[in-house]
Amino acid sequence: MFRAFNGSFFALPPIETPRLLLRKITMADARDIFAYSRDEEVARHVLWEAQRSIRDAREYVRYLQRLYRNDQPASWGIIDKATGRLIGTVGFMSYSPDHNSAEIGYSLARDYWNRGIMTEAVRAVLRYAFEKMQLHRVEAQFELDNPASGRVMEKAGMQKEGVLRGRLYNKGRYVDVALYAILREDYMSKTHGGHA
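Residues numbered from 1 in each chain as written. Predicted model: local features only at pLDDT ≥ 70, side-chain atom pairs only at ≥ 80, totals over all residues. Heavy atoms only, no water.

Here we look at the nonpolar core
Then comes step 1: Leu22, Val90, Phe92, Met118, Val122, Leu126 and Val138 are the most contacted members of the largest nonpolar core, which has 56 residues in total.
Then comes step 2: The leading source of residues in this core is helix H4 (residues 117–132), at 10 residues.
Then comes step 3: Not counting residues up to four positions away in its chain, the partners in contact with Met118 are Ile78, Thr89, Val90, Tyr106, Ser107, Leu108 and Val152. (Core = buried A, V, L, I, M, F, W, Y, C linked by side-chain atoms within 4.5 Å. Buried < 20%, exposed > 50% of the residue type's maximum accessible area, 1.4 Å probe, protein only. Helix = DSSP H or I, 4+ residues; strand = E, 2+ residues; numbered from the N terminus. Contact = heavy atoms within 4.5 Å.)

Here's what the structure looks like:
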């Protein structure tokens, strides 16, 4: 089993990119979360249902804050630095200490689709995962009828490893998913010419 660093493995410190700030979510973000999470199109390919009220958003924030307190895999909020609004989430869905690997996932407000925003956020998470957490492997999956999510993974440097048939039960049906992953050596060779 791998040891935590700095006492808290899923500390999720703030991360800045050119357009974004990734930070822990607070109750003040509930309205922004509800604004995009009530969109059926945003919820279509994720494992949660579209939110019906601000109460749903507040419950989600409370859930995330429990994960933060318990040092469990959790997500950052994605803040658009130009507006200060929370426009999505990106982070860790699961972690295997035995294999030093994690799964990441994300969601984004529809107004921000097709702008490279999520690729920018995922690249920042991968940098943190490999350079700070020293993970060996990071993987992600997407439903086959959501190819835009696969393009995000490819642009972030992940490779397709295969299709898992009937992998998930989502919105009343079994769905096939594509599995993508990147290893630490892949990441280091692409970003640092192979030097750790």
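Re helix H5 (residues 147–155)
Then comes step 1: For H5, the full list of buried residues reads Ser149, Gly150, Val152 and Met153. One face of H5 carries all of its buried residues, which in axial projection span an arc of 155°.
Then comes step 2: The inward-facing, buried residues of H5 contact strand E5 (101–108), H4, strand E6 (137–143) and strand E8 (173–183). (Arc of directions from axis to C-beta.)

What to know about the packing of aromatic side chains
Then comes step 1: Overall, the coordinates contain 7 aromatic pairs when judged by the stated rule.
Then comes step 2: Where Phe10 meets Phe92, the ring centres are 5.4 Å apart and the plane angle is 65°; that geometry is what we call edge-to-face. Linking Phe10 in the segment before strand E1 (15–16) with Phe92 in strand E4 (residues 85–96), this pair joins segments that are 82 residues apart in sequence. Across the pair, Phe92 and Phe10 agree in class, each one buried.
Then comes step 3: Between Trp76 and Tyr128, the aromatic rings sit 5.5 Å apart at their centres with planes inclined by 90°, giving edge-to-face as the arrangement. Placement of the pair is Trp76 in strand E3 (residues 75–80) and Tyr128 in helix H4, with a sequence separation of 52 residues. Each member of the pair Trp76 and Tyr128 is classed as buried.
Then comes step 4: Here the aromatic cluster, defined as three or more aromatic residues joined through ring pairs, consists of Phe10, Trp76, Phe92, Tyr95 and Tyr128.
Then comes step 5: Over the ring of Tyr68 we find Lys24; its NZ or CZ atom is 5.2 Å from the centre of that ring.
Then comes step 6: Its end group placed over the ring of Tyr112, Arg115 keeps NZ or CZ at 4.6 Å from the ring centre. (Phe/Tyr/Trp six-rings, centres within 6.5 Å; stacked < 30°, edge-to-face > 60°. Lys NZ or Arg CZ within 6 Å of the ring centre and 35° of its normal.)

Structural notes on the pairing of strand E2 (residues 20–23)
Then comes step 1: With burial as the criterion, only one face of E2 is covered, namely that bearing Leu20 and Leu22; the residues Leu21 and Arg23 on the opposite face remain uncovered.
Then comes step 2: Note: E1 against E2, 2 bridges, orientation antiparallel. Each residue of the ladder has a partner; that of Glu16, found in E2, is Leu21.
Then comes step 3: Counting the residues that bridge the hairpin from E1 to E2 gives 3 residues.
Then comes step 4: In this sheet, E3 lies alongside E2 in antiparallel orientation, the contact comprising 4 bridges. Within E3, the position partnered with Arg23 by the bridge is Gly77. (Pairing = 2+ DSSP bridges.)

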